[in-house]
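What follows is each chain in one-letter form.
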Amino acid sequence: MRGDVMNWIVLGESNGRIRLVSKSGTGGILPKGSYLTIENKDEGAKFILRVDDTSQSEPFSPSPLVVEMDLSPLKQDQECQNVISAYRVKDISARSDGLIDFIPPQSLARKSTQEEVDLALGSHDTGPLVFIAAIHSSQNQLIKDESGKPITARLPEEMFYHQIMVCGKTGSGKTVATKYLAQYFVEEMHGAVLAINVKDVDFLKMDKPSVARNPEVVSEWAHLGLTSRGMENYVIYYPATIPIDSSQGVSPEVCKKVTLDVGVIDPESLAGLLQGITDAASQTLPSIFRYWQKTGRRPDDFTFSGFVRYFSAKSEDDRTFDTITARGDDSVVTLHKGTCENILRNLHSAIDFFDNDDAVCLDWTDILVTGKMSVVNVAGKGGSQFGSVLLRDLLHKIVRAKDAQTSKVKILIIIDEVHQFYNTETTREALGDLDTICRTGRSKEIGVIFSSQNPSDMPKGLANVINTKIFFKTDASSAKSLGVRVTDEEMESLRKGYAVATIHELSQLKVLKFPMSTAGVFEVGK
Amino acid sequence: MDFSWVSSGPPEGRVTNLEPIGGYGLDARRGQSLMNDPKTLVSAYDESINKYNALEGTAFFTSHSIVHVAQSGYEPLNLLAMYFYTRSKELQGKSPHLTFSMNPSMDSQKDYLKDKLDFILSNAVKNSVLLIDGPIIAGDVYTTFMSSVPEFVSRGILPVFFVKNSDSNMVIDNFSELGSKYNSDLHWSYNALKTGQRSSFFRYVDRRNARNAKVFCYMKAMDVSPVRVEFFVESFEQHSSSIPLVMDMLHYLTIVQGDDHNPQVRPIAIAEMYARETLKLVNFQRLMRESGLHPTMNQERFAW
């Protein structure tokens with residue numbers, strides 16, 4: 001039977017790579033990304049190699065003539081060998097003379113065990129489990145040990161606090177992977193998750209157990225000891241003016257209406273309302289609002305509509321506005337007529353999101369709760385504007401709570417389609433609290449997952465602070481531009497759930513497959 | 001190295017045709033069926049030789065190679081042998097591994113043939129077809145091969161010998177109507193045969209020693225120079241009912257090889273590959289140089 005005995009013979013070293021050829025009886029190609037172990041029992045040494053290049057070779061080079069003449073070839077002629085070039089990942093050696101062991105030619109290599117791969121990767125004791133995968137000639141598959149069990153790796157938990165970018169086309173497995181990470185953060189790390197849902201019902205059914213129909217998924221769950229189960233402490237927050245369509249299977253009992261309150265909202269959050277104006281101009285609105293919030297408002301008209309009327313009146317007048325900066329300095333600013341009109345237009349469209357009587361106003365205490373997943377649904381008309389303001393407000397409040405050490409709950413913030421909330425041209429300065437979070441996440445135990453179809457959607461100011469990049473099927477050039485080694489063909493052939501990545505503190509892991517989240521994913525079909 | 005002694009024709013002999021002279025069609029498809037039959041056992045032999053000429057003597061490094069065409073794939077067996085022949089008694093006295101010889105050419109052929117025969121007899125499979133590169137009889141030393149015939153027969157082995165390059169004229173010299181028209185038997189057979197045909201079988205008997213006999217024919221599997229296929233007389237008689245089918249199989253195996261620059265049956269080509277590869281296991285030239293031997297001028301200039 002094929003694959004009963006699988007061994008590779010060391011030929012030697014060339015250009016820093018160990019070259020190997022399969023021994024007869026090895027009935028296939030060991031895919032790129034696999035791991036091999038060579039044991040030198042005499043020296044008590046062990047070497048673990050990662051397959052970097054792999055190909056088929058035909059030792060007998062048969063002629064095509066016999067087939068051309070419609071005769072059958074000799075099957076003995078059809079023997080193939082697997083030629084491998086592998087990188088030496090880990091040496092386990094007792095030598096202490098400062099030299100590095102030779103890997104003698106003609107040594108036998110075999111597929112590495114889980115324990116050996118753990119050693120090679122410097123695996124952690126905790127962290128979300130993923131499968132190590134390989135791509136070869138458009139085939140995606142899990143790396144398996146000699147007994148056929150898939151090899152896994154644990155992504156380091158630290159990874160969450162060094163920011164993650166997840167990219168992929170629709171249907172590539174990006175959202176499912178993000179759900180898996182969110183579920184791990186809540187259930188295993190006992191943290192809190194805040195996810196911004198921007199389309200469909202992507203994150204709105206995490207209270208329900210996933211339905212797996214694909215035997216591969218069932219088998220993967222069995223291997224990891226996972227069973228389908230919904231998340232327990234789970235709340236969906238949605239703007240009062242954009243009701244959730246319950247026909248899509250969202251549980252009404254986990255949904256709560258939210259509104260924005262002009263009395264407590266962070267003025268800087270209003271910058272999220274403005275589209276199509278310069279960073280500098282957009283910075284004036286929070287200062288104008290802060291003045292109004294503190295001193296300029298009429299006691300009987302302390303609503304967002306009241307602010308819009310105030311702004312409108314000033315715009316009609318001399319367009320000169322009193323301001324209070326974030327540092328508390330009083331000032332005056334005169335806006336261009338066009339800027340006023342633009343701001344006013346955006347303010348009008350946001351009136352509905354404020355001051356709804358039957359809705360609650362979200363505070364950090366709602367989010368920073370151990371083992372809770374909060375989803376803010378901003379799918380629907382105007383949702384991104386609402387989300388943009390709410391997200392800024394919540395981030396500000398979370399950072400403040402963390403700074404003041406009022407809360408010690410770890411938090412993971414998942415922002416889908418981040419460009420809907422932060423313009424791709426947004427500078428580091430204009431990112432405000434998001435920039436603070438990204439740069440100080442480790443100390444504050446705040447992590448962010450940016451999920452996007454295209455890495456170019458990421459705000460410029462964030463480009464250098466994301467340490468983990470995970471690419472599902474997407475445009476190869478964008479992945480390559482961010483330092484991920486992948487060919488166009490490999491990227492094009494990635495199946496759902498498979499990804500290429502650079503992982504914080506796990507540099508050896510290049511291709512991986514995420515297990516399906518056990519909550520909130522529903523496979524259709526038989 | 002010079003292999004001309006291997007392919008030179010036998011001493012004068014008598015040739016008779018066993019069937020009407022002419023072309024006989026070969027059926028590759030029937031040969032394919034025989035080859036695919038799990039009961040058919042096929043092996044092949046070939047060798048590769050390296051020679052080193054030194055002032056002190058001559059070294060031969062030979063890889064004898066047998067390949068069994070097993071169901072699971074080609075199964076190779078190789079014997080590596082090295083001999084050093086010298087006319088210096090003094091030198092020979094220094095090591096038991098050196099051979100004193102006043103006629104290194106003859107003695108090397110004898111050792112080579114002895115190793116070849118022992119290796120083949122030790123590893124040939126009972127009731128198999130054994131394909132061997134080279135002629136049955138070529139020069140005086142080759143007649144020793146004939147002594148093994150009873151053992152091949154008793155074990156049901158059908159040895160089939162292949163001669164690709166030969167200036168032999170056994171056929172044209174013995175049939176007066178052909179004599180003046182052709183340069184050699186290969187010249188005659190190339191013109192007489194169509195692609196996919198064999199010639200009639202002929203029986204050759206040495207006039208001086210009737211024990212040196214063989215049955216042969218020419219096979220033109222491709223539109224290039226034919227090859228001579230030879231059998232021991234006793235083996236030919238033992239397997240006479242299967243011989244036509246075996247010829248079909250040889251035709252099929254030549255097509256499998258598919259090389260019109262070097263037409264030969266595929267298993268021999270594989271045996272040759274293993275012979276060449278295993279010869280590389282030892283860096284013979286370097287070994288000779290490092291052993292303190294002094295190469296002849298030709299060895300230095302034309303070693304490779």
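Residues numbered from 1 in each chain as written. Chains lettered and ligands numbered in written order. Predicted model: local features only at pLDDT ≥ 70, side-chain atom pairs only at ≥ 80, totals over all residues.

*Asks:* Residues and numbers for unusual backbone geometry, please.
*Replies:* The phi angle at glutamate 505 of chain A is positive, at roughly 65°, despite the residue not being glycine. Along the polypeptide, glutamate 505 of chain A turns up in the loop between strand E21 (498–502) and strand E22 (511–513). A positive phi angle is found at asparagine 127 of chain B, which is not glycine, with a value near 55°. By secondary structure assignment, the location of asparagine 127 of chain B is in the loop between helix H4 (104–123) and strand E7 (129–133). The class of asparagine 127 of chain B is exposed, set by 11 C-beta atoms lying within 10 Å. (Helix = DSSP H or I, 4+ residues; strand = E, 2+ residues; numbered from the N terminus. Buried ≥ 20, exposed ≤ 12 C-beta atoms within 10 Å, placed from the backbone.)

*Asks:* Outline the sheet that holds strand E6 (residues 108–111) of chain A, listing residues and values.
*Replies:* All names here are of chain A. An order of E1-E2-E5-E4-E3-E6 is seen for the 6 strands of this closed barrel, with the pairing classed as antiparallel. Strand after strand, the sheet turns through a mean of 45° between neighbouring axes, direction not considered. Looking at chain direction, strand E1 (residues 8–14) and E6 are connected through 2 bridges and run antiparallel. Across the sheet, residue isoleucine 9 finds its bridge partner in E6, namely leucine 108. (Pairing = 2+ DSSP bridges. Axes fitted to C-alpha atoms, helices over the stretch in contact; angles between N-to-C directions.)

*Asks:* Please provide a residue-by-residue account of the nonpolar core, values included.
*Replies:* Of all hydrophobic cores here, the largest spans 146 residues; its most connected members are Val193, Ala499 and Leu512 of chain A. Here valine 193 of chain A is in contact with Ala182, Phe185, Val186, Met373, Ser374, Leu412 and Ile414 of chain A, once residues within four sequence places are set aside. (Core = buried A, V, L, I, M, F, W, Y, C linked by C-beta atoms within 7 Å. Contact = placed C-beta atoms within 7 Å.)

*Asks:* Hey, could you go over the interface of chain B and chain A for me, with residue numbers and the actual values?
*Replies:* With 14 residues of chain B at the contact, the number on the chain A side is 13 residues. For the side of chain B that touches chain A, the elements supplying multiple residues, two or more each, are helix H2 (28–36), strand E5 (73–86), helix H10 (243–257) and helix H11 (266–279) of chain B. For the side of chain B that touches chain A, the element with the most residues is H10 of chain B, which contributes 4 residues. Of the residues belonging to the side of chain B that touches chain A, the class tally is 7 nonpolar, 4 polar and 3 charged. (Nonpolar A, V, L, I, M, F, W, Y, C, P; charged D, E, K, R; others polar.)

*Asks:* Could you give an account of the environment of aspartate 97 of chain A, naming the residues involved and the relevant values?
*Replies:* The topology assignment puts aspartate 97 of chain A in the loop between strand E5 (81–92) and E6. Aspartate 97 of chain A sits in the exposed class, given 5 other C-beta atoms within 10 Å.

*Asks:* I'd like to hear about the pairing of strand E15 (residues 330–334) of chain A, residue by residue, with values.
*Replies:* Residues and elements named next belong to chain A. For E15, a buried count of 0 out of 5 residues is recorded, marking the element as mostly open to its surroundings. Inspection of the sheet shows strand E14 (residues 320–324) paired to E15 by 5 bridges, in the antiparallel sense. Within E15, the position partnered with phenylalanine 321 by the bridge is valine 333. Hairpin connection from E14 to E15: 5 residues lie between these consecutive antiparallel strands, with glycine 328 at a positive phi of about 95°.

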